[in-house]
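The lines below spell out each chain.
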Amino acid sequence: MSSHVATKKVFKLIAEEAYRQKYGLEMIPSENYVSADVLKALGSILTNKYSEGFPGRRYYGGNEVIDKIENYAVDLAKKLFGVPAAFVQSYSGSPANMAITMAVCEPGDVVMGLALSSGGHLTHGAHLSFSSIFYSAVNYSVGKDWKIDFKELETLAKKHKPKLIWVGTTAYPFKLDYKKFRKIADMVNATLVADCSHITGLIIGGVHESPVPYVDIVMTTTHKTLRGPRGAMILITERGLRKDPEMKGKIERAIIPGIQGGPHNHQTAAIAVSLEEALKPSFKKYAAQIAKNASVLAKELGTVSETHLILLSLTKYGYGMGYQAQYALEEAGITVNKNTIPGEPASPFYPSGIRLGTPALTSRGMKGSDMIKIAGWIKRVLEEIRGLDLPKEQDKRKDFLKEVKKEIHKNKNLKIIRKEVEKFAGKFPVPGIK
Ligand code: DSN
């Protein structure tokens, strides 16, 4: 295949994806639409340069301009979060969390984080992640009310004496009480690290409390509610530097040579652009609207949200309905992800819930009245999967879901909903898409 044909093929596929992003409702709560300026920086010639090391201390020449860009991004990050040290080179959240763990712990040390099944993250000590392969992972969980069980957390901390405690979530619809985490971390002299990737936009917007006064280190991805490019930042707080004055060097060494090679300079520049945008007063309005929209949507769906996301149990529609709901909603032009619910009654692989959120829809300018319409479509879609319960016999599940997928694809009501969704979504602009 000539490169010309290959290129044509790629751009045709990008156009196809652009259509999906514009005419669908993107409701995965960790996704967003970046601005045209962020896209411009990401697609720039900065991708051509190798820059291992840090500003003023690079392995290769020709980094005079790259140094200025990285220093600018670091300064903006420090200003936005009110921290004395920031690092912007991590490729994404997982490598950033790996760097933090390497900086704080020796292999085999105990790390504690919220269990994946309770809405935690893979890198906070989940089975099969580096965080439980190379470290001794202990997980705390949520209680029957779906909120973090601080009693269990304290008991586990006292028993296992973790070196590092993560406070961070990926599927948790409530605000976090950093003060309580700090108290427990202090009881066992643990380093407390906030992974606020999901809620950073809400923190910047003043909708959620900042973890900075309470924790030693903060990690955030830059592509979720912050609305920047894919990437991550590591921030050390005043408190963190007091706890370990060597922490800056430890983080740097963990990033390179510990994990990474050359930073993605186009990504660094795009992070800087998104931080400039997040410093504007309009970002505060955006953050407040994300939470308002989530709260309206949650109420319409019969649940609550204090954040940007909704964790919806589908047990009233049947047994193990997460997959079926994800398929059916996708067929109707609404993108969400299947998710376990606390105390999962079905299986982690075939879960009973969905996770959905409002950051991307809010970026398109949607408001509360739009959420009411969207909740209406979601409820109509969910009615279409009633009766499609997951088989209790594990060996029948794969084939069952294959059949269900075909059935959902043929469903006429879902096609009608999709037309309505496309007509509605198409009216809301998406930066970078005509
Ligand atoms: N995959 C991200 C999410 O969707 O929450 C977390 O890394």
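Whatever comes next refers back to the structure up there.
On a predicted model such as this, the values are computed, not experimentally measured, just so you know.

Quick look at the site of the ligand
- Contacts to the ligand come from Ser-30, His-121, Thr-170, His-198, Lys-224 and Arg-355.
- In this structure, His-198 approaches the ligand through a side-chain N or O atom, which is 2.7 Å from an oxygen atom.
- The side chain of Arg-355 places a nitrogen or oxygen atom 2.7 Å from an oxygen atom of the ligand.
- For the ligand, whose accessible area on its own is 240 Å², the fraction buried by protein is 63%.

A few points about the packing of helix H13 (residues 322-331) against helix H17 (residues 412-425)
- Where H13 contacts H17, the axes come no closer than 8 Å and their chain directions differ by 55 degrees. One finds that H13 runs oblique with respect to H17. Facing H13, whose interface residues are Ala-328, Glu-330 and Glu-331, H17 presents Leu-414, Lys-415 and Arg-418.
- When grouped by side-chain class, the residues that make up the contact of H13 with H17 number two nonpolar, no polar and four charged.

Re the sheet that holds strand S14 (residues 353-357)
- Spatially, three strands are ordered S11-S14-S13 in an open sheet, and the strand pairing comes out antiparallel. Of all the strands in the sheet, the pair left with one neighbour each is strand S11 (309-313) and strand S13 (337-339). The average undirected angle you get between the axes of adjacent strands in this sheet is 35 degrees.
- In this sheet, S14 lies alongside S11 in antiparallel orientation, the contact comprising five bridges. Paired with Leu-311 across the strands is Arg-355, a residue of S14.
- Contacts from H13 reach S13 and S14, with the element oriented near 45 degrees to S14.

So, the nonpolar core
- Membership of the largest hydrophobic core comes to 53 residues, with the highest contact counts inside it found for Ile-148, Tyr-178, Phe-181 and Met-233.
- Broken down by element, this core gets its largest block of residues, six residues, from helix H3 (residues 64-81).
- Counting residues in each nonpolar core, the second largest holds 44 residues, with Met-321, Trp-377, Val-404 and Ala-425 among its members.

Brief notes about the pattern of salt bridges
- Evaluation of the coordinates by the stated rule reveals 15 salt bridges.
- A salt bridge links Glu-26 to Arg-20, with the nearest nitrogen and oxygen atoms 3.0 Å apart.
- Owing to a relative accessible area of 5%, Glu-26 belongs among the buried residues under this scheme.
- The closest approach of N and O atoms between Lys-158 and Glu-154, which form a salt bridge, is 2.7 Å. Remark: Glu-154 and Lys-158 occur in helix H6 (residues 150-160); sequence separation between them is four residues, near one turn of the helix.

Concerning the side chain of Thr-335
- Relative to the helices and strands, Thr-335 resides in strand S12 (residues 334-335).
- A distance of 3.3 Å separates the side chain of Thr-335 from the side chain of Arg-20, its partner in a polar contact.
- In contact with Thr-335, not counting residues within four places along its chain, are Arg-20, Leu-25, Glu-26, Met-27 and Ile-28.

Re the pairing of strand S5 (residues 110-114)
- The buried count for S5 comes to five of five residues, which makes it a mostly enclosed element.
- By the bridge criterion, five bridges tie S5 to strand S6 (residues 136-140) in an arrangement that is parallel. Looking at the pairing, Val-111 lines up with Ala-137 of S6.
- When S5 meets strand S7 (residues 164-168), the two strands line up parallel, connected through two bridges.

Observations concerning the sheet that holds strand S4 (residues 85-87)
- With mixed pairing, seven strands are arranged side by side in an open sheet as S4-S10-S9-S8-S7-S5-S6. Of all strands in the sheet, those with a lone pairing partner are S4 and S6, marking the two edges. Put simply, the sheet's adjacent strands are angled 20 degrees from each other on average, direction ignored.
- Relative to S6, H6 is tilted by about 160 degrees, and along the sheet it contacts S5 and S6.

Observations concerning a nonpolar patch on the surface
- Together, Val-10, Phe-11 and Ile-14 make up a nonpolar patch on the protein surface, roughly 300 Å² of accessible area in all.
- In this fold, Ile-14 is placed in helix H1 (residues 3-23).

Some thoughts on the packing of aromatic side chains
- All chains considered together, the criterion is met by 10 aromatic pairs.
- Aromatic side chains Tyr-172 and Phe-174 sit 5.5 Å apart centroid to centroid with 80 degrees between the ring planes, which places their arrangement in the edge-to-face category.
- Residue classification places Tyr-172 among the buried positions, given a relative accessible area of 6%.
- The class for Phe-174 is buried, based on a relative accessible area of 11%.

Each value, and the rule that gives it
- Residues numbered from 1 in each chain as written.
- Predicted model: local features only at pLDDT ≥ 70, side-chain atom pairs only at ≥ 80, totals over all residues.
- Heavy atoms only, no water.
- Near = heavy atom within 4 Å.
- Polar contact = N/O pair within 3.5 Å; in protein donor to acceptor, adjacent residues only side chain to side chain.
- Areas by Shrake-Rupley, 256 points an atom, 1.4 Å probe, with all protein chains shown as cover.
- Axes fitted to C-alpha atoms, helices over the stretch in contact; angles between N-to-C directions.
- Helix = DSSP H or I, 4+ residues; strand = E, 2+ residues; numbered from the N terminus.
- Parallel < 35°, antiparallel > 145°, perpendicular 65-115°, else oblique.
- Contact = heavy atoms within 4.5 Å.
- Nonpolar A, V, L, I, M, F, W, Y, C, P; charged D, E, K, R; others polar.
- Pairing = 2+ DSSP bridges.
- Core = buried A, V, L, I, M, F, W, Y, C linked by side-chain atoms within 4.5 Å.
- Buried < 20%, exposed > 50% of the residue type's maximum accessible area, 1.4 Å probe, protein only.
- Salt bridge = Lys/Arg side-chain N within 4 Å of Asp/Glu carboxyl O.
- Patch = residues over 30% accessible without salt bridge, like charges linked within 9 Å, V, L, I, M, F, W, Y side chains within 5 Å.
- Phe/Tyr/Trp six-rings, centres within 6.5 Å; stacked < 30°, edge-to-face > 60°.

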